[in-house]
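# Fold and contact review
These are the residues of each chain, in order.
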Amino acid sequence: MAAADPIPTEFDAARAESESLTERILQLREAYYGHDTTLASDAEYDAMVHRLQAIEAAWPQLAGQDSPTQTVGGAGIDSTLFDPVVHAERMYSLDNVFSTEEFAEWAAKVERDAGGPVAWLCELKIDGLAINLRYEHGALTTAATRGDGVTGEDVTENVLRVPGIPRRLDGEGHPALVEVRGEIYFPVAAFNALNAEQTEAGERVFANPRNAASGSLRQKAAASKSAKETDLMRRRLERLRMLVHGIGAWPDPPVASQSGVYELLRSWGLPTSPSYRVESSIDGAIAFIEHYGEHRHSVEHEIDGVVVKVDDLAMHERLGATSRAPRWAIAYKYPPEQVQTRLRGIEISIGRTGRATPFAVLEPIRVAGSVVRRATLHNQDVVREKGVLIGDIVVLRKAGDVIPEVLGPVVDLRDGSERAFEMPTQCPECGSALAPSKEGDVDLRCPNARACPAQVRGRIEHIGSRGALDIEGLGEVSAIALTRPHGPLDTEAGLFDLTIDDLLPIEVPRTAPVGAEGLGVESLGVETPYRKVVKQARKDSPVEYGPSAAAEELVAELAKAKEKDLWRLLVSLSIRHVGPVAARALATHFGSLEAIRAASAEALAAVDGVGPVIAEAIIEWFLVDWHVEIVDRWAASGVRWSIPGHPGPGAVDEAPTGPLAGLTVVVTGSIEGFTREEAEEAVLAAGAKSTGSVSKRTSAVVVGPGAGSKEAKAIELGIPIVPAERFAEFLERGTALLE
DNA sequence: CACCCTCGAGTTCA
DNA sequence: CTCGAGGGTG
């Protein structure tokens, strides 16, 4: 259940502090502006605002539109730019809850006050900018921002450019005065496009759609601006949308419920949300909250929560409001998917191919359910494009809810101490000079493929990985252990010669617990993953050691790996551009490594899926002595470099046969009775190609539980979907099943 | 010359 | 799982 992300206890403290700060700040502000008195020094006031900003940076769900941080400084009312508008009726903000338990408590209290069950109107809380439209006798007279709830800014001129907002209401008999409240927002797609354009133009990106909407609406047309600038501004406004969700300043509307209000607004030609629902129970409302918690991305705009309102308008009257917020509505806030945190530094990691990849070292922060401390920055160009400086507060999100991604800096929070990242010139692991592998390449590489510890470690880990030899017990941890200084391996050449005796002495320093790095805790000792105490007769007699289960397993798995498929062995050589697909094509065509080695560039490039570049990469690979040594030593250890019974190069007709011949199939989600690997093997065995991404060339997508974006993509492209239960049937009958 | 695909990489959790 | 980069294909 995505809705009730477990909230750490610090959250409650942060929330309490932000509430008391908000109250204090608003009091001081009122005293200052309203009564011309000062209850605190400017410095004290500033300190409070800063503290609140810091809390909101760490807990963005606490930063609502009505927070004093949103209405002071930066985004606040600036009378020099926009005329103030006093709302005919105050624009309230909403109280927030952050868990379903809290929501249930609130709702139960409302039902007690109401004396019985209540109908709940549930709607999506859009991450946009609250706007008040004032209609007099059916004609739009002003559009204003929320401001502090009492006074906002006149942004009529800009709002008129937002599509879908009528200047005149449809129908007849409109009240002399009515205020229509709603949210102006950027649809996610338009927001992404806008940020892409900003990046391209060398301008700063917007941290979120709300800032973008606010920035766009608060642009000022000026005679000083060029026609081009004015045009740009218009285009931006035309990408905005509005949804309305309330009325004000109309004492006796001719409807009895909030949902009735929406129908009325819709009949007037105003844009209302298509996704609201009236639920007859608290559980129903919770189900709505949970549903959209899991489908936050299936609507066109960002959702930061759900608003639940009592549907009956008479009840609104009865329940009334506190000084800030009505008692008949509440905002349920989802845990944020975008947060801000400090970029402590940018470091370089060296991959198995020697590629130097910069990654962000972040102040640890919780995003979408896990604590993130690092995020990849891909390469120098990406660092530059994102415009992040070391020391910046950056916006972070989880792309696809999994991979942390730095979106960009919060420029407003810079204090001048930030510094630019400079790409190092030396490999952090072996000190070699980094250089592009060929002219004009963006990526820098460590040239020391043979001895750079990072590269050797990476290659050995790769050999054990699922896409290569799939060796149980050979993952990241054992790759580190095996390649430590004075460890048994200095390249992968000796991998299959490893014996239990080689493994026994391996010692790995115990890693410091998270958070204790650099605290001078040096005496953590070592771990001995491959040996265990067998016996010790008496306390003072010598200890006898024997191999641990991990050691036995690794040796046994290595022995098994020697006879795995030729294509897997090929993949494990880390030849550039030779992954599972190219390796399969090469293996079936040539049948043995010897045949591949003997082949000319033309012969290699003639294989389907192999072109001149891959061919060249293979030929060059075999020209390196220590590469050949890997092949020879593995062969001497019993590695089978050929497909038994293969008739020889080019002899195998590659035209696939079988029920799925000629199809391209994608498998996603979990399929009962198959691992992912097995399912893909089965697809291949049936004569189809198995690929990882859905495109218009895909023939069918096999969808099991847990499928994500790929299923959506398939539906979007109209590609046939095979449910997991019918997978076996599909393998036998092929396309016949699809008709 | 598009467009699609594969490769390579980073990250985090169960 | 997602992205960028760059190779391969129609």
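For the structure, see preceding data.
These numbers were taken from a predicted model, which means no experiment stands behind them.

## Some words on the pairing of strand 4 (residues 129-136)
By the criterion of burial, strand 4 is predominantly enclosed, with 6 of the 8 residues buried. One ladder, built from 7 bridges, connects strand 4 with strand 7 (residues 178-185); its direction is antiparallel. Each residue of the ladder has a partner; that of tyrosine 135, found in strand 7, is valine 178. Judged from the 6 bridges that link them, strand 4 and strand 5 (residues 139-145) form a sheet pairing that is antiparallel.

## Some remarks on a nonpolar patch on the surface
Among the surface-exposed residues, Val533, Val543 and Tyr545 lie close enough to one another that they form a single nonpolar patch of about 270 Å² accessible area. Mapping valine 533 onto the fold places it in strand 19 (residues 531-535). A residue is classified by how much of its surface remains accessible, and valine 533, at 48% relative accessible area, is partly exposed.

## With respect to the environment of glutamate 732
Within the secondary structure, glutamate 732 is located in helix 25 (residues 727-733). For the pair formed by glutamate 732 and proline 659, sequence separation is 73 residues and the distance between their alpha carbons is 6.0 Å.

## Quick look at the protein's contact with DNA strand B
Of all residues adjacent to DNA strand B, which total 26 residues, the nearest are Ser349, Thr353, Ile403, Ser695 and Lys696. Sugar plus phosphate: this is where 90% of the atoms of DNA strand B within 4 Å of the protein reside. Take arginine 374: an N or O atom from its side chain is 2.9 Å from a phosphate oxygen of DNA strand B. Residue valine 581 places a main-chain N or O atom 3.4 Å away from a phosphate oxygen belonging to DNA strand B.

## What to know about the nonpolar core
By size, the foremost hydrophobic cluster in this structure holds 55 residues, and its most contacted members are Leu495, Leu573, Leu586, Ile618, Trp634 and Trp641. Of all the elements in the fold, those that place two or more residues in this core are helix 13 (453-464), helix 14 (476-482), helix 16 (549-561), helix 17 (566-571), helix 18 (580-590), helix 19 (593-598), helix 21 (612-622) and helix 22 (625-636). If one sorts the elements of this core by residue count, helix 18 sits on top with 6 residues. A domain split of this core shows at least three residues from each of domain 4 (453-561) and domain 5 (566-636). By size, the runner-up hydrophobic cluster in this structure holds 37 residues, among which are Val178, Val180, Leu240 and Leu313.

## Digging into helix 22
In this model helix 22 runs 16 Å from its N-terminal to its C-terminal C-alpha over 12 residues, within 8% of the 16 Å that 1.5 Å per residue would give. Regarding helix 22, the residues found buried are Trp626, His627, Val628, Ile630, Val631 and Trp634. Against helix 13, helix 17, helix 19 and helix 21 lie the buried residues of helix 22. Once helix 22 ends, the next one or two residues include glycine 638, with phi positive near 105°.

## So, helix 8 (residues 227-238)
The end-to-end C-alpha distance of helix 8 is 16 Å, a good match for the 16 Å that 12 residues give at a rise of 1.5 Å each. Looking only at helix 8, the buried set comprises Met233, Arg236 and Leu237. The arc enclosing the buried residues of helix 8, seen along the axis, measures out at 100°, which places them on a common side. More than 90 degrees from the buried face of helix 8, the exposed residues found are Ala227 and Lys228.

## Examining the side chain of serine 93
Tracing the backbone shows serine 93 in the loop between strand 1 (84-86) and strand 2 (96-97). Here serine 93 falls in the buried class, since its relative accessible area comes to 6%.

## Details of the sheet that holds strand 8 (residues 241-248)
Read from one edge to the other, the open sheet built from 4 strands follows the order 5-4-7-8, with strand pairing classed as antiparallel. Edge positions in the sheet fall to strand 5 and strand 8, since each has one partner strand and no second. Adjacent strand axes in the sheet meet at a mean angle of 30°, parallel and antiparallel pairs treated alike. Contacting strand 7 and strand 8, helix 9 (residues 258-267) crosses the sheet at an angle of about 125° to strand 8.

## Here we look at the pattern of salt bridges
Tallied over the entire structure, the rule returns 25 salt bridges. For the salt bridge of aspartate 113 with lysine 109, the shortest nitrogen-to-oxygen distance reads 3.6 Å. Remark: lysine 109 and aspartate 113 occur in helix 4 (residues 100-114); sequence separation between them is 4 residues, near one turn of the helix. Judged by its relative accessible area of 42%, aspartate 113 is partly exposed.

## Description of the sheet that holds strand 2
Reading across from one edge, 2-11-10-3-9 is the order of the 5 strands in this open sheet, with mixed pairing throughout. Single-partner strands in this sheet number two, and they are strand 2 and strand 9 (277-279). Across 5 bridges, strand 10 (residues 303-310) lies against strand 11 (residues 329-333) in antiparallel orientation. Its bridge partner lying in strand 11, valine 308 is registered against isoleucine 330. Contacting strand 3 (120-126), strand 9 and strand 10, helix 9 runs over the sheet at an angle of about 55° to strand 3. Contacting strand 3, strand 9, strand 10 and strand 11, helix 10 (residues 282-294) runs over the sheet at an angle of about 20° to strand 3.

## Quick notes on unusual backbone geometry
You will see that alanine 249, though not glycine, has its phi angle at about 60°, which is positive. Tracing the backbone shows alanine 249 in the loop between strand 8 and helix 9. Using a relative accessible area of 18% as the deciding quantity, one classes alanine 249 as buried. Positive phi values are uncommon outside glycine, yet histidine 577 reaches one of about 70°. Assignment of secondary structure puts histidine 577 in the loop between helix 17 and helix 18.

## Some details on the packing of helix 4 against helix 10
As a packed pair, helix 4 and helix 10 sit with axes 10 Å apart at the nearest point and diverge in direction by 150°. For the element pair helix 4 / helix 10, the angle class is roughly antiparallel. As for how helix 4 packs across helix 10, the hand of that crossing is right-handed. Residues Thr100, Phe103, Ala104, Ala107, Ala108 and Glu111 of helix 4 form the contact with helix 10, whose own contacting residues are Ile282, Ala285, Ile286, Ile289 and Glu290. Residue composition of the contact of helix 4 with helix 10, grouped by class: 8 nonpolar, 1 polar and 2 charged.

## Observations concerning the environment of lysine 333
In this structure, lysine 333 sits in strand 11. By relative accessible area, lysine 333 is classed as buried at 4%. Between the C-alpha atom of lysine 333 and that of serine 99, which follows or precedes it by 234 residues, the distance is 7.9 Å. Aside from chain neighbours lying at most four places away, what touches lysine 333 is Gln61, Ala63, Gly64, Asn96, Val97, Phe98, Lys125, Asp304 and Gly305.

Cut-off values and rules
Residues numbered from 1 in each chain as written. Chains lettered and ligands numbered in written order. Predicted model: local features only at pLDDT ≥ 70, side-chain atom pairs only at ≥ 80, totals over all residues. Heavy atoms only, no water. Buried < 20%, exposed > 50% of the residue type's maximum accessible area, 1.4 Å probe, protein only. Helix = DSSP H or I, 4+ residues; strand = E, 2+ residues; numbered from the N terminus. Pairing = 2+ DSSP bridges. Patch = residues over 30% accessible without salt bridge, like charges linked within 9 Å, V, L, I, M, F, W, Y side chains within 5 Å. Areas by Shrake-Rupley, 256 points an atom, 1.4 Å probe, with all protein chains shown as cover. Salt bridge = Lys/Arg side-chain N within 4 Å of Asp/Glu carboxyl O. Near = heavy atom within 4 Å. Polar contact = N/O pair within 3.5 Å; in protein donor to acceptor, adjacent residues only side chain to side chain. Core = buried A, V, L, I, M, F, W, Y, C linked by side-chain atoms within 4.5 Å. Domains from an automatic or database assignment. Expected span 1.5 Å × (residues − 1). Contact = heavy atoms within 4.5 Å. Arc of directions from axis to C-beta. Axes fitted to C-alpha atoms, helices over the stretch in contact; angles between N-to-C directions. Parallel < 35°, antiparallel > 145°, perpendicular 65-115°, else oblique. Left-handed = near helix turned anticlockwise from the far one by under 90°. Nonpolar A, V, L, I, M, F, W, Y, C, P; charged D, E, K, R; others polar.

Scope: geometric values only; no functional claims are made or implied.
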